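Residue-level structure breakdown
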Amino acid sequence: MKPSKCHCTNLRTAANRITRLYDEALEGTGLKVTQYRLLRLISIADRPSLSALESDTGLDRSTLGRNIRVMAKAGHVRIVHGEDARETLAEPTEQGLEVLEMARQRWDACQKRVEDALGDDLHEKLQVILHSLENISQDQLER
């Protein structure tokens, strides 16, 4: 197949392939990439609101909610209300923290394999490019 010159297509293809690698590394933990990322953020933060998680992850509300519900059903997180009953918060359960530790070891091993495959120079360049892409605003694209 002829390589595409479309940035979006190339990024999505690369993201799908790298996601598959990490999902394979997480097999047996009960977590997928998105759930691992959420559980990690929830464990680091002090009972983050779903709004904060939405902002931090870039996930839309329905995708975030669906993943949180799956994780709650699996016993990895608990959904609670803040001081304002309209605020929904997430907190890890003990079981969730145990699963996260097992998953973190597998994640770190996969991360190392990817970094080794890229080499130091490409790995550093990739980080710069990805952070630059995350920070592109709609205003910059409209100029």
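For every chain, the first residue of the written sequence is number 1, and numbering continues from 1 onward in sequence order. pLDDT decides what is reported in this predicted model: residues at 70 or higher carry local features, side-chain atom pairs at 80 or more are listed and counted, and totals for whole chains, interfaces and linings draw on all residues regardless. Working from all heavy atoms in the structure, the side-chain values ignore hydrogens and water.

**Notes on the environment of L41**
Topologically, L41 is positioned in helix α2 (residues 33–44). In sequence terms L41 and R20 are 21 residues apart; their C-alpha atoms lie 21 Å from each other. Excluding residues within four positions of it along the chain, L41 makes contact with L53, D56 and T57. Secondary structure elements are taken from DSSP: a helix is a run of H or I of four residues or more, a strand is a run of E of two residues or more, and numbering for both begins at the N terminus. The contact criterion used is simple: two residues touch if any of their non-hydrogen atoms lie within 4.5 Å.

**Comments concerning the pattern of salt bridges**
Note on definitions: salt bridges are taken to be side-chain nitrogens of Lys or Arg within 4 Å of carboxyl oxygens of Asp or Glu. Counted by the stated rule, this structure contains seven salt bridges. The shortest N-O distance in the salt bridge between R61 and E54 comes to 3.2 Å. One salt bridge connects R78 with E91, and the closest N-O pair in it is separated by 2.8 Å. With R78 in strand β1 (residues 77–81) and E91 in strand β2 (residues 88–92), this pair connects stretches of sequence that are 13 residues apart.

**Things to note about the side chain of E91**
For E91, a relative accessible area of 17% translates into the label buried. A distance of 3.2 Å separates a polar atom in the side chain of E91 from a polar atom in the side chain of R47. Contact partners of E91, with chain neighbours within four places excluded, come to I42, R47, H76, V77, R78 and V80. Burial here depends on accessible area, computed with a 1.4 Å probe over protein chains only, as a share of the maximum for the residue type. Under 20% is buried, over 50% is exposed, and the range in between is partly exposed. Here a polar contact means two N or O atoms within 3.5 Å. Within protein one must be a hydrogen donor candidate and the other an acceptor candidate, and residues neighboring in sequence count only if both atoms are side-chain atoms.

**Quick word on the packing of α2 against helix α4 (residues 61–73)**
Helix axes use the C-alpha atoms of the stretch in contact, all axes being lines fitted to C-alpha atoms, and the angles between their N-to-C directions lie in the range 0 to 180 degrees. At a closest axis distance of 10 Å, the pairing of α2 and α4 adopts a crossing angle of 80 degrees. Between α2 and α4, the angle falls in the class roughly perpendicular. Each of T34, Q35, L38, L39 and I42 in α2 lies in contact with α4, whose residues at this interface are L64, N67, I68, V70 and M71. In this classification, Asp, Glu, Lys and Arg are treated as charged, Ala, Val, Leu, Ile, Met, Phe, Trp, Tyr, Cys and Pro as nonpolar, and every other residue, Gly included, as polar. A per-class count over the contact of α2 with α4 returns seven nonpolar, three polar and no charged. Working rule for angles: under 35 degrees goes down as roughly parallel, over 145 as roughly antiparallel, 65 to 115 as roughly perpendicular, anything else as oblique.

**Concerning the confidence of the model for the chain**
Any region with low pLDDT has predicted coordinates that should not be read closely. The pLDDT value expresses, per residue, how confident the predictor is, ranging between 0 and 100. Chain-level pLDDT for the chain is 91 on average; 94% of the residues reach the 70-or-more range. Of all secondary-structure elements in the chain, the lowest mean pLDDT belongs to helix α6 (residues 138–142), at 61, while α2 reaches the highest, 95.

**Examining the pairing of β1**
Here five bridges tie β1 to β2, and the two strands are oriented antiparallel to one another. Within β2, the position partnered with V80 by the bridge is L89. A strand pair is defined by DSSP finding two or more bridges across the two strands. Between β1 and β2, which pair antiparallel in sequence order, lie six residues.

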